[in-house]
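These are the residues of each chain, in order.
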Amino acid sequence: MTTATLDPVRIRREFPTLDQSVNGHPLVYLDNAATSQKPRAVLDALGAYYENDNSNVHRGIHELSRRATVAYEESRAKVASWVGATEPAEIVWTRGTTEAINLVSTAWGLNNVREGDEILISVLEHHSNIIPWQLLAQRTGAVIKYIEIDDQGRWVLEDLSDLLTDRTKVVAISHVSNALGTVNPVKEVAAAAHEVGALVLVDGAQGAVHIKVNVQDLGVDCYAFSGHKMCGPTGIGALWARRDLLDSMEPYQGGGEMIHLVEREMSTWAKVPHKFEAGTPNIAGAIGMGAAIDFLSEVGMDAIARHERDLLAYALERVSAVGGVRIYGPESLEEHSALISFTLGDAHPHDIATILDSEGIAVRAGHHCAQLAMKHFGISATARASIYLYNTEDDIDRLAEGLEQVRSIFA
Amino acid sequence: METPQLSSLYQQLILEHYRNPRNKGELEGTSVEIHMANPICGDEVRLQLRIQAGQIEEAKFVGQGCSISQAAISMMTTLLHGCSLADAKILAECFTRMMHGDPDAAEDKRLKNLRALQGVSKFPVRIKCALIGFDALQEALKTHAKEDES
């Protein structure tokens, strides 16, 4: 791990998408929490796979299939070490975080959650970590309970011991809020949840992107994350879960790849992780996610974290100086990941985003799939500028200038 | 592609309706009410019509959302008072065609000050904002016609 500081101007050159004009202005991309741009190394890995090695995995006897399988499984090993898994078999490929959560809520949930049991989530969750549990509750008769948030969008944990009971079967919480940027005290809640014997699943869609994750240190049971938010392709993600948990779980989907022996009445399943990987997987995506991990490791997660923290501090200063801006989320930088969620006077966030877009600045506007968090603040939407390793102070200056234009139109 | 001008989007008339929406609030004696929401962006409208003898006597709405969606609904309601159901349908269809870039529709004088919203058609991701109120109107007219039949 390098201790050198990161040079965003040099890094930008690795991302072809960033080198373009939008609406007559050089692109400023600040919608990284939705999806990150992809470095050339990832694009090249996808191209090389399709041009040289394209073949199905774990099936063919031929050379191409062997190469594809090796690359695919090497990527799994990279993802495993990226989050501190004990072995590559603890990584199940999925389409992304959403599918990883649905896998657990279905394959584990339907066999372990009964009527009257409790599921604990937080109002800060992305819909992808709410709806799967609501579906499970509907199917089983379980009850959903919520960790509330304070006026800075942080979990209120004073009454955690009341929220966790001997009926609590699962605690499903996000590592970092996509809507407000809150870095959540997952480790603390996981420890308390385990005391009542609950399973702990973490939505890491915004976590593994910015933070060097170690699932052993976090002390959780499942960690779900996506490739596309961390420089990888869309349509690929992973579920990390403890080996014994995966071994005990029933399959999620049935099909090829996930079987051991197929009989007329009943079949037997392949070993983990293949038991959960029915059908031809997203081979190129998996290889691309491995390439993304190589890229991020090369830059260094410590350097990325430092860069993001410095740029966030600068952005908070510049954006809050714009008249009428209200920023939602933690005040402390330690608890605040690399995004700013804000409103500006009576300009609706959609209007903010359109005006910024006309200046070539990409931000997100809306409820960010976190309607419960929005409701907590009595708003329906915010504008969100989210930072990644290739953003610069110049990007933030452009954002601040764009916001002045919003002010002049809605003055 | 030519860069569309912001000034064509944020005209004073639109901003004025956004800040001071007309006919906002609950309607007494509602004949038909339609709730419409765009789950992607959170724009929301509840349109209420009081209909008497084939004519819209009064139209009101409750809603929240961006300047384009709320101004379009506000401007729409001002044209609905005293409007026949047939003309209301023509208005909604004509406005929808204008949003999809039909130059003839944009010339149609029946749209009156709604033509200020023509610039929205140059901003593809915002067209649905302008249309949400008119989608609600079309739905309301259909619902009313069905109820009339039964």
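Everything numeric in this text was worked out from a predicted model, so none of it was measured.

A few words now on the pattern of salt bridges. All names here are of chain A. Summed over the entire model, instances satisfying the criterion amount to 32 salt bridges over all chains. Among the salt bridges present, the one from Asp-395 reaches Arg-12, with a minimum N-O distance of 3.2 Å. Here Asp-395, found in helix α14 (residues 393-409), pairs with Arg-12, found in helix α1 (residues 8-12); they are 383 residues apart in sequence, far enough to count as distant. Both residues of the pair, Asp-395 and Arg-12, count as buried. Because the salt bridges share partners, they merge into one network encompassing Asp-53, Glu-63, Arg-66 and Arg-67.

Many analyses report the size of an interface as the accessible area lost when the parts associate. Counting residues at the interface gives 17 residues for chain A and 19 residues for chain B. In total, chain A and chain B occlude about 1400 Å² of area from one another, counting both sides; carbon and sulfur atoms represent 54% of this. Counting the contacts that link chain A with chain B gives two salt bridges. Between A:Asp351 and B:Arg126 there is a salt bridge; the shortest N-O distance is 2.8 Å. At the boundary of chain A and chain B, one finds nine residue pairs in polar contact (both at pLDDT 80 or more). A total of five residues in the side of chain A that touches chain B trace back to one element, the largest contributor, which is helix α12 (residues 349-358) of chain A.

Let us look at the sheet that holds strand β1 (residues 32-37) of chain B. All names here are of chain B. Taken together, the four strands give an open sheet; going across it, the order is β1-β2-β3-β4, and neighbouring strands pair in antiparallel fashion. Strand pairing shows two members of the sheet lacking a second neighbour, β1 and β4 (83-84), which therefore form its edges. Sitting on the sheet, helix α3 (residues 67-80) is in contact with β2 (44-52), β3 (55-64) and β4, with an inclination near 165 degrees to β3. With respect to the sheet, helix α6 (residues 127-149) is in contact with β1 and β2, its orientation differing from that of β1 by roughly 145 degrees.

Residue and element names in this part refer to chain A. Where helix α2 (residues 40-53) meets helix α3 (residues 63-83), the closest approach of the two axes is 10 Å, and the angle between their N-to-C directions is 160 degrees. Between α2 and α3, the angle falls in the class roughly antiparallel. The interaxial crossing formed by α2 with α3 has left-handed handedness. Residues Tyr-49, Asn-52 and Asp-53 of α2 lie in contact with α3, whose contacting residues are Leu-64, Arg-67 and Ala-68. For the contact of α2 with α3, the class distribution of residues is three nonpolar, one polar and two charged.

Count 3.6 residues to each turn of an α-helix, and residues three or four apart come out pointing the same way. Residue and element names in this part refer to chain A. Within helix α7 (residues 186-195), burial applies to Val-186, Val-189, Ala-190 and Ala-193. On an axial view of α7, the arc spanned by its buried residues comes to 105 degrees, and they lie on one face. Structurally, α7 contributes buried residues whose contacts are with β6 (143-147), α6 (160-163), β7 (168-174), β8 (199-203) and α8 (215-218).

The rules behind each value
Residues numbered from 1 in each chain as written. Chains lettered and ligands numbered in written order. Predicted model: local features only at pLDDT ≥ 70, side-chain atom pairs only at ≥ 80, totals over all residues. Heavy atoms only, no water. Salt bridge = Lys/Arg side-chain N within 4 Å of Asp/Glu carboxyl O. Helix = DSSP H or I, 4+ residues; strand = E, 2+ residues; numbered from the N terminus. Buried < 20%, exposed > 50% of the residue type's maximum accessible area, 1.4 Å probe, protein only. Contact = heavy atoms within 4.5 Å. Buried area = accessible area lost by both parts, 1.4 Å probe. Polar contact = N/O pair within 3.5 Å; in protein donor to acceptor, adjacent residues only side chain to side chain. Pairing = 2+ DSSP bridges. Axes fitted to C-alpha atoms, helices over the stretch in contact; angles between N-to-C directions. Parallel < 35°, antiparallel > 145°, perpendicular 65-115°, else oblique. Left-handed = near helix turned anticlockwise from the far one by under 90°. Nonpolar A, V, L, I, M, F, W, Y, C, P; charged D, E, K, R; others polar. Arc of directions from axis to C-beta.

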